Amino acid sequence: MVSMQASLPPGRRAHGTSLIEVLVTIVILAFGMLGLVGLQSRLQLSEMEAYQRAQALILVDDMAQRIAANRNFAASYVTGAASPLGTGSTCTLDTSASRAVQDNCEWTQALLGAAEMQGTSKVGAFLGGRGCVENLGSGEYMVTIAWQGLGPLATPPASVACAQGMYNGASGSKCVNDLCRRTVTTIVRIATLT
């Protein structure tokens, strides 16, 4: 019995890929696709972290501007590191209150995401946003915003005490010892003119 290939002229013999070559190609493509999916998820995490940091920078600058504008009453803005504004605090805007009380209330609402609403939900801020104003003495005030990061990184410096210990996860969590707490700070200097 003569095979079909043997009966074809030498230049016309069929050359095909074997099943093993096709399977190897599929496996290589599958690993490549898994790598792309992993990269995409890491990019989304990075994008969210960058968005939260940008929001925090805007809000820390907002409070610094408010303190500088009301410099004669800068001490009225002090919250201390242990009792931050934002997540866990509430306020009702009272137009008859002092400018500092109104500013703290507006800042609390901004930390809670009131700048952007989706239905009745506040979505314009970051996870667990809290803000502190600390008196450093000599007319210096440190404005800090802390929030919940999406994964563990480095612990903020010990000098940044705003919301310290408030972002630790349950036991066994990766978010221990403030590894998921993110902070941004700025210093407001109020000059004493004589």
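Trainee: What is the right way to look at the nonpolar core in this model?
Mentor: Side chains of a nonpolar character, in soluble globular proteins, are inclined to be buried together. By size, the foremost hydrophobic cluster in this structure holds 23 residues, and its most contacted members are Ile67, Trp107, Phe126, Val133, Val143 and Ile145. Elements with a contribution of two residues or more to this core: helix 2 (19-69), helix 3 (99-111), strand 5 (140-148) and strand 6 (181-189). Broken down by element, this core gets its largest block of residues, 6 residues, from helix 2. When neighbours within four sequence positions are excluded, valine 133 is seen to be in contact with Met63, Ile67, Tyr77, Val78, Thr79, Gly80, Trp107, Tyr141, Met142 and Val143. With 5 residues, the next largest nonpolar core counts Cys132, Cys162, Ala163 and Tyr167 among its residues.

Trainee: I'm lost on unusual backbone geometry in this one. Help?
Mentor: Negative phi is the rule for most residues except glycine; trans is the rule for most peptide bonds. Its identity as a non-glycine residue notwithstanding, alanine 163 has a phi of 60 degrees, on the positive side. Relative to the helices and strands, alanine 163 is located in the loop between strand 5 and strand 6. A relative accessible area of 0% places alanine 163 in the buried class. Of note, aspartate 178 is a non-glycine position whose phi angle comes to about 65 degrees, a positive value.

Trainee: Before we go on, may I ask you to explain the pattern of salt bridges in this structure?
Mentor: Two side chains carrying opposite charge are able to pair once their charged atoms lie near each other. Applying the stated criterion across every chain, the model contains 8 salt bridges. Here aspartate 103 makes a salt bridge to arginine 66, at a shortest N to O gap of 2.9 Å. Pair noted here: aspartate 103 is in helix 3 and arginine 66 is in helix 2, with a separation of 37 residues, a long-range link. By relative accessible area, arginine 66 is classed as buried at 18%.

Trainee: Just to check I follow, could you spell out the state of the cysteines for this structure?
Mentor: Disulfide: a covalent bond formed between the sulfur atoms of two cysteine residues. Applying the stated rule across the entire model yields 3 disulfides. Between the sulfur of cysteine 91 and that of cysteine 105 lies a disulfide, 2.1 Å long from S to S. Between cysteine 91 and cysteine 105, the disulfide has an S-S torsion of 90 degrees and is therefore right-handed. With cysteine 91 in the loop between strand 1 (85-86) and helix 3 and cysteine 105 in helix 3, the pair connects residues that are 14 residues apart, well separated along the chain. The class of cysteine 105 is buried, set by a relative accessible area of 7%. Bridging cysteine 175 to cysteine 180, the disulfide has an S-S length of 1.9 Å. With the S-S dihedral at roughly -70 degrees, the linkage between cysteine 175 and cysteine 180 falls on the left-handed side.

Scoring rules and cut-offs
- Residues numbered from 1 in each chain as written.
- Predicted model: local features only at pLDDT ≥ 70, side-chain atom pairs only at ≥ 80, totals over all residues.
- Heavy atoms only, no water.
- Core = buried A, V, L, I, M, F, W, Y, C linked by side-chain atoms within 4.5 Å.
- Buried < 20%, exposed > 50% of the residue type's maximum accessible area, 1.4 Å probe, protein only.
- Helix = DSSP H or I, 4+ residues; strand = E, 2+ residues; numbered from the N terminus.
- Contact = heavy atoms within 4.5 Å.
- Salt bridge = Lys/Arg side-chain N within 4 Å of Asp/Glu carboxyl O.
- Disulfide = S-S within 2.5 Å.

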